[in-house]
Amino acid sequence: MKKAIKGNAFWVGKVDWELKKFHGEEYSTHNGSTYNSYLIQEEKTVLIDTVWNPFAEEFVDNLSKEIDLDKIDYIIANHGETDHSGALYALMEKIPDKPVYCTANAVKSLKGQFHKDLNFHVVKTGDKLDIGNGKELIFVEMSMLHWPDSMAVYLTGDNILFSNDAFGQHYANDRLFNDLVDPAILYEESIKYYANILTPFSAILRKKLQEILSLNLQIDVIATCHGVVWRDNPMQIVEHYSRWANDYQENQITIVYDTMWNSTKKFAEKIAEGINLEDPDVTVKLFNISKSDENDVITEVFKSKTVVVGSPTFTNGILPSVAGFIYLAKVLKFKNKKAAAFGCYGWSGECVKVINEMLSGAGFNLISEGLRINWNPDEDAEAQAVEYGKTIARA
Ligand code: FEO
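1. Some details on a nonpolar patch on the surface
A surface patch of nonpolar side chains, about 380 Å² in accessible area, is lined by Met260, Trp261 and Phe314. Considering the arrangement of structural elements, one finds Phe314 in strand S21 (residues 313–314). According to the relative accessible area criterion, Phe314 is partly exposed, its value standing at 31%.

Dropping the structure here:
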């Protein structure tokens, strides 16, 4: 069912209430998601983006109930990833000759995934498309936000920025607009999306935000491809992005560990106690990574000034759960965060050395040589762990 956005722009996407994992099994979506597609009906009729493959048939059926598909003049493909292009080729079977506007990289990604040529029209930043009634679409390349093919498009007159993935969040809802949904969920899903998807591209994002702001475009609405349409103070999400893209951190220390016989868990709790004793104002959060959602923990790391990582020694190394987590943090390229290692051991005791190497390799600034405890911490070792927590809090 089509829903009005502003003027003659409408939402024609799909709400995916059931989705619990996105990107295969890579990203948890506790609140589902939406694939937002938009229809603009001026003198020319324009479709912006489509939906994920499993909903292709439903999408084309629904769209054909709203409009004679032959009346579509232009299709805009802002991004080739299949959550937005998955229904494009099903649609193009009905209207094969219609022009598809996208970046040069999007042609590569669409042809690479679907192995079929379309009537592609390659656009660059600043290119315009007249859609009648005095309105134009202005294209803005958004390379690496978050794929090389990403693009946004701005509708003059109604001042809508169709931003694709940027400013989105995985949040299934039937209310569509940011002022009609739960603001706490909206914020958490937005920062999780940034932390887990956009963190590696923060430097590019800083430049792109400047570029967009220097265009002096009046932005009344930001229509993303996931989650809500920002119509109430839409620049609030741009301001959040400005902060998040600048090595964001709160007064938080996050302790991430795994444990085999609870010795390293006890160690983690004593470190937390020491941090609290030294600095009662700092927020401390503990996560057993094997029992936690990895994407949620990454979001907590994103908010943190320091991350403390622990594992027992396991076959001359560390537990794979902890190693995998540090690897994930590494590819997300966190900047300006401190880190410290800890762990218990029985025999060979490599845990802290291995964690230190991995944390350094992941770009964290180590604040100490780390602390390891032999066997299950006794009273003296617990006191050492508390002192270690105090050291971390002071760093
Ligand atoms: Fe929502 Fe990069 O796709």
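Having seen it, we continue.
2. Comments concerning unusual backbone geometry
In this structure, the amide linkage connecting Leu145 to the following residue, His146, adopts the cis form with an omega of 10°. Residue placement: His146 occurs in the loop between strand S13 (135–141) and strand S14 (151–155). Of note, Asn133 is a non-glycine position whose phi angle comes to about 55°, a positive value. Among the structural elements, Asn133 can be located in the loop between strand S12 (128–132) and S13.

3. Side note on the domain arrangement of the protein
Structurally, the protein comprises domain 1 (3–244) and domain 2 (253–394). For domain 1 versus domain 2, the separation of C-alpha centres amounts to 39 Å. At the junction of the two partners, domain 1 supplies 13 residues and domain 2 supplies 11 residues. In this assembly, domain 1 packs against domain 2 so that about 1,100 Å² is buried in total across both faces, 55% of it on carbon and sulfur atoms. Where domain 1 touches domain 2, the interface holds two salt bridges.

4. Points about the packing of helix H5 (residues 183–198) against helix H7 (residues 235–244)
It is the contact of H5 with H7, at a shortest axis distance of 11 Å, that shows an interaxial angle of 45°. Taken together, H5 and H7 sit at an angle that is classed as oblique. The handedness of the crossing between H5 and H7 comes out as right-handed. In this structure, H5 contributes Tyr187, Ser190, Ile191, Tyr193, Tyr194 and Leu198 to the contact, and H7 contributes Ile237, His240, Tyr241, Arg243 and Trp244.

The rules we used
Residues numbered from 1 in each chain as written. Predicted model: local features only at pLDDT ≥ 70, side-chain atom pairs only at ≥ 80, totals over all residues. Heavy atoms only, no water. Patch = residues over 30% accessible without salt bridge, like charges linked within 9 Å, V, L, I, M, F, W, Y side chains within 5 Å. Areas by Shrake-Rupley, 256 points an atom, 1.4 Å probe, with all protein chains shown as cover. Salt bridge = Lys/Arg side-chain N within 4 Å of Asp/Glu carboxyl O. Helix = DSSP H or I, 4+ residues; strand = E, 2+ residues; numbered from the N terminus. Buried < 20%, exposed > 50% of the residue type's maximum accessible area, 1.4 Å probe, protein only. Domains from an automatic or database assignment. Contact = heavy atoms within 4.5 Å. Buried area = accessible area lost by both parts, 1.4 Å probe. Axes fitted to C-alpha atoms, helices over the stretch in contact; angles between N-to-C directions. Parallel < 35°, antiparallel > 145°, perpendicular 65-115°, else oblique. Left-handed = near helix turned anticlockwise from the far one by under 90°.

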